[in-house]
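Observations on the three-dimensional arrangement
The chain contents come next:
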Amino acid sequence: MDCMAETTQQPPQIYSVVPAILPPDQLFGPLFHDVQMLPVFDDSITFADCYPRRAPEEILSQYEIEKHRDGFRLADFVHTYFHLPKNLETDHVSDQTLPTAVHLNQMWPLFERRSETMCSMLPVPKPYIVPGGRFRGLYYWDSYFTMLGLRVSGEYEMIRHMVDNFAHLIDTYGHIPNANRSYYLTRSQPPFFALMVRLLADIDGPATLVRYLPHMQKEYNYWMDGYFRLSDHEGDFRRVVLLPDGGILNRYWDDLAAPRPESYREDVELAHEAAPYGVAPGTLYRHIRAACESGWDFSCRWFGDPDRLATIHTTDIIPVDLNCLLYDLEITLSDAYRQSSFQEPYEHFRQKAETRRKAIMTYLWDEQRQFFMDYNVVLHKPTPVWSLAALFPLFFGLATDEQATHVHEHVKKSFLKEGGVVSTLQTSGQQWDCPNGWAPLQWITHQGLLKYGFAETAAEIRQRWMALNDKVFRNTGKMMEKYNVVDTNLPAGGGEYPNQDGFGWTNGIYLALQAHDGLVATHGKR
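Residues numbered from 1 in each chain as written. Predicted model: local features only at pLDDT ≥ 70, side-chain atom pairs only at ≥ 80, totals over all residues. Heavy atoms only, no water.

At a minimum axis separation of 10 Å, helix α8 (residues 193-204) and helix α10 (residues 213-223) run at an interaxial angle of 165 degrees. Between α8 and α10, the interaxial angle falls into the category roughly antiparallel. Seen from above, α8 lies across α10 with left-handed handedness. In contact with Phe193, Ala194 and Val197 of α8, α10 contributes His215, Met216 and Glu219. Taken together, the residues that form the contact of α8 with α10 break down as four nonpolar, one polar and one charged. (Axes fitted to C-alpha atoms, helices over the stretch in contact; angles between N-to-C directions. Helix = DSSP H or I, 4+ residues; strand = E, 2+ residues; numbered from the N terminus. Parallel < 35°, antiparallel > 145°, perpendicular 65-115°, else oblique. Left-handed = near helix turned anticlockwise from the far one by under 90°. Contact = heavy atoms within 4.5 Å. Nonpolar A, V, L, I, M, F, W, Y, C, P; charged D, E, K, R; others polar.)

Right under this line is the structure:
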């Protein structure tokens with residue numbers, strides 16, 4: 001396990017001769033499988049984040065000897081040979097009489113972390129803000145929305161630290177992993193790094209774009225890897241897909257077709273459930289992992305049958321939000337090259353962005369529904385799931401005024417609920433579906449509608465979401481990861497773990513919405 005320390009405490013001595021990059025399921029093979037399937041821990045991520053007291057090969061050898069002895073208890077063996085991850089709970093008690101924003105501005109230090117001595121941890125050089133709850137690492141797309149709140153709080157140095165940490169991950173691994181864990185190295189998350197750089201440029205000046213230009217270019221190369229090999233004989237490769245008219249758009253992907261170490265037992269059991277559908281375990285695992293790269297884990301956006309996770313087929317789908325983010329990355333690269341000493345690629349990336357815009361309009365705008373929809377490349381038609389991913393073209397100024405008007409009508413009629421906007425219109429039991437609302441999608445929707453002049457609906461979303469946040473804080477002293485926006489008297493549900501309190505991006509978006517003065521956000525219409 002990749003063991004690295006940056007802490008004031010003396011780390012335990014660890015003996016290991018294995019490559020530092022291997023994830024825990026590969027390091028501990030049969031032991032890892034047995035611990036997760038028993039299970040020893042209620043949450044699979046616990047053992048994934050343990051670190052060994054001895055060399056992994058020594059522990060494995062000892063396990064093969066001891067497991068055959070009478071009275072052997074696997075839980076005792078784990079506690080003998082591993083250090084368990086720290087409990088993240090603090091003795092902090094929230095003052096529920098405070099205004100929510102005052103409370104949140106006091107909370108940032110409690111969410112600050114540095115790289116710890118944990119064997120799945122990928123080290124980063126500077127402090128960062130964690131989401132909260134069970135999440136101990138630096139998570140990718142969460143961090144952008146957290147940064148929006150840090151900016152309101154004047155925590156500019158922390159924003160610089162976090163952007164530098166992501167740049168370090170790109171330099172070290174060629175991309176930003178899902179989070180800084182070895183078991184996340186085979187996938188990323190929605191590519192928000194360019195937006196982080198623009199946010200920091202608003203604080204430190206336009207030279208920031210040039211400073212992080214190499215890192216944005218490397219991230220772009222990661223998402224576009226293999227585009228040059230696409231042909232009639234090979235229509236997709238990793239994250240790129242060749243379309244019938246010769247255009248190229250992107251999908252979510254993961255390079256490993258195996259159970260996720262952090263949700264190992266759940267994935268193995270799901271593979272058994274999917275077998276009657278004729279889905280091979282490796283295929284299922286890749287679809288599950290690709291959905292995790294999307295950040296929407298899980299939503300029936302990715303399902304064949306909206307009620308069955310076992311029908312997940314993420315890599316068959318070209319998502320609206322991902323391609324809008326990559327359009328923005330192409331625009332940002334163009335702007336950065338224009339300011340640099342090497343200006344030739346400026347027009348090249350402008351043209352790439354324009355080509356992508358046309359492909360988005362061709363494949364992701366559904367003329368019949370008058371809404372942006374994900375596209376199924378196997379069936380050659382839009383997917384049936386209505387989701388707030390449709391607001392990304394508005395957020396980035398890609399939509400026409402007429403398209404934005406139709407999207408706004410659907411949001412007002414179908415998505416807007418008592419406590420904000422729901423992520424999808426389907427009630428599937430998954431956490432990214434109805435009745436749940438999530439802070440990042442409130443922001444994307446609010447800003448996207450504002451950009452096209454729908455200020456009244458944007459203000460209504462803002463008011464309802466913040467009122468729900470305030471209500472839950474007054475009652476519990478907590479900010480939640482997600483909220484039930486349909487029945488604001490009930491907690492949100494779904495997911496593979498209990499609802500988390502904290503919560504980095506909820507805190508950030510609350511502060512950003514409170515500070516919002518009605519002006520259009522960073523990006524104007526293209």
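Having put the structure on the table, let's press on.
Here the focus is the pattern of salt bridges. Opposite charge on two side chains makes pairing possible when the charged atoms of those side chains draw close. In the structure shown here, the tally under the stated rule is 30 salt bridges. Residue arginine 238 is joined to aspartate 255 by a salt bridge in which the shortest nitrogen-to-oxygen separation is 2.5 Å. Residue arginine 238 is found in the loop between β5 (236-237) and β6 (240-242), and its partner aspartate 255 is found in the loop between β7 (248-250) and α11 (264-274); the two are separated by 17 residues along the sequence. Owing to a relative accessible area of 17%, arginine 238 belongs among the buried residues under this scheme. (Salt bridge = Lys/Arg side-chain N within 4 Å of Asp/Glu carboxyl O. Buried < 20%, exposed > 50% of the residue type's maximum accessible area, 1.4 Å probe, protein only.)

Tracing the sequence through the fold places proline 261 in the loop between β7 and α11. Each residue touching proline 261, except ones within four places of it in the same chain, is listed here: Pro24, Asp25, Phe32, Gln36, Ser44, Ala48, Tyr183 and Arg289.

Further remarks concern the side chain of arginine 265. Its location among the elements puts arginine 265 in helix α11. For arginine 265, a relative accessible area of 17% puts it in the buried group. Leaving out residues up to four positions away in the same chain, arginine 265 has contacts with Gln36, Met37, Pro39, Asp42 and Ser44.

With that settled, consider α8. Along an α-helix, residues three or four positions apart point the same way, because every turn accommodates 3.6 residues. In this model, α8 (12 residues) spans 16 Å end to end at C-alpha, consistent with the 16 Å of a helix rising 1.5 Å per residue. Along α8, nine of the 12 residues are buried, which leaves the element largely enclosed by surrounding structure. Regarding α8, the residues found buried are Phe193, Ala194, Leu195, Met196, Val197, Arg198, Leu199, Leu200 and Ala201. Elements that come into contact with the buried residues of α8 comprise α6 (140-152), α7 (156-173), α9 (207-211), α10, α13 (320-339) and α15 (392-395). (Expected span 1.5 Å × (residues − 1).)

Ranked by internal contacts, the top residues of the largest apolar core, which has 165 residues, are Phe145, Phe192 and Phe193. Sequence-distant contacts of phenylalanine 193, that is, excluding residues within four places in its chain, are made with Tyr140, Val163, Phe166, Ala167, Ile170, Ile176, Tyr212, His215, Met216 and Glu219. (Core = buried A, V, L, I, M, F, W, Y, C linked by side-chain atoms within 4.5 Å.)

A few words on the sheet that holds β7. Pairing is antiparallel across the open sheet formed by three strands, whose spatial order is β5-β6-β7. The sheet is open, and its two borders are formed by β5 and β7, each paired with just one other strand. Where β6 lies against β7, three bridges are found, and the strand directions are antiparallel. Across the sheet, leucine 242 pairs through a bridge with isoleucine 248, a residue of β7. (Pairing = 2+ DSSP bridges.)

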